[in-house]
Amino acid sequence: MTFAGGAVDGPRFSRWEASDTLNASLAGGGNERRLILSPEFFRSFQVEDMDPPPISAEAGDEGLVYRFRSASRQPLVLTLHLRAQSPGVVSYRIGMDDEPAQAVRTIVWP
């Protein structure tokens, strides 16, 4: 999915209790950037690691807000290492900066 400030590529299919990744590219340039994951995301996925780590993370009205900053003009490439907590169809929302969040669906196989 694309946003004016970058793009997010999450898993469309995942395997229960297996490692997976969500990749995001945020515009560079020194301004603070935000990646927002809805509460439904965390009911189904555990974030095991994030590279690079955010400068902060806080709960907001739309979910967990990760904040990033990069001095480089190049896009900031993020990798979130995930693990699905249960099989089924998972619906959640992902947002970036002040743009409207977009709906995402992942099928988690047993």
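Here's a quick rundown of the structure. (Residues numbered from 1 in each chain as written. Predicted model: local features only at pLDDT ≥ 70, side-chain atom pairs only at ≥ 80, totals over all residues. Heavy atoms only, no water.)

1. Overview of the pattern of salt bridges
Next, step 1: Under the definition given, this model contains seven salt bridges.
Next, step 2: Between Glu32 and Arg69 there is a salt bridge; the shortest N-O distance is 3.6 Å. On the criterion of sequence distance, the pair formed by Glu32 in strand β5 (residues 32–37) and Arg69 in strand β8 (residues 63–69) is long-range, its members being 37 residues apart.
Next, step 3: Here Glu48 ties to Arg83 by a salt bridge, and the two come within 2.5 Å at their closest N and O atoms. Here Arg83 lies in strand β9 (residues 76–84) and Glu48 lies in strand β6 (residues 45–51), a separation of 35 residues in the sequence.
Next, step 4: In this structure Glu48 comes out as partly exposed when scored by relative accessible area, which is 37%.
Next, step 5: Relative accessible area serves as the criterion here: at 25%, Arg83 is assigned to the partly exposed category. (Salt bridge = Lys/Arg side-chain N within 4 Å of Asp/Glu carboxyl O. Helix = DSSP H or I, 4+ residues; strand = E, 2+ residues; numbered from the N terminus. Buried < 20%, exposed > 50% of the residue type's maximum accessible area, 1.4 Å probe, protein only.)

2. Brief notes about the nonpolar core
Next, step 1: Core analysis: the biggest nonpolar cluster contains 23 residues, and Val8, Phe45, Phe68, Leu78, Leu80 and Ile94 have the highest contact counts within it.
Next, step 2: Elements supplying a minimum of two residues to this core: β4 (19–26), β5, β6, β8, β9, β10 (88–96) and β11 (102–109).
Next, step 3: With five residues, β9 is the largest single contributor of residues to this core.
Next, step 4: Sequence-distant contacts of Ile94, that is, excluding residues within four places in its chain, are made with Met1, Phe3, Val8, Leu22, Leu35, Ile36, Leu37, Ala101, Gln102 and Val104. (Core = buried A, V, L, I, M, F, W, Y, C linked by side-chain atoms within 4.5 Å. Contact = heavy atoms within 4.5 Å.)

3. Considerations on the pairing of β5
Next, step 1: With five of six residues buried, β5 is to be regarded as a mostly interior element.
Next, step 2: Where β5 and β8 come together, six bridges link them in antiparallel fashion. Bridging from a neighbouring strand, Ile36 pairs with Val65 of β8.
Next, step 3: Bridging between β5 and β10 involves three bridges; their strand directions are antiparallel. (Pairing = 2+ DSSP bridges.)

4. Comments concerning unusual backbone geometry
Next, step 1: Of note, the amide linkage connecting Asp51 to Pro52 takes the cis form, showing an omega dihedral of -5°.
Next, step 2: The topology assignment puts Pro52 in the loop between β6 and β7 (56–60).
Next, step 3: The backbone of Glu17 sits at a positive phi, close to 65°, despite the residue not being glycine.
Next, step 4: You can see Glu17 is positioned in the loop between β3 (13–15) and β4.
Next, step 5: A positive phi angle, near 50°, is found at Asp97, a position not held by glycine.
Next, step 6: Relative to the assigned elements, Asp97 resides in the loop between β10 and β11.

5. A look at the sheet that holds β8
Next, step 1: Across the sheet, which stays open at both edges, the six strands sit in the order β3-β11-β10-β5-β8-β7 with mixed pairing between neighbours. Sheet topology places β3 and β7 at the edges, where each strand pairs with a single neighbour. Here the strands of the sheet are splayed against their neighbours by 30° on average, with no regard to which way each runs.
Next, step 2: Relative to β8, β7 runs antiparallel, the two sharing five bridges. From the neighbouring strand, Ala57 faces β8, where its bridge partner is Tyr66. (Axes fitted to C-alpha atoms, helices over the stretch in contact; angles between N-to-C directions.)

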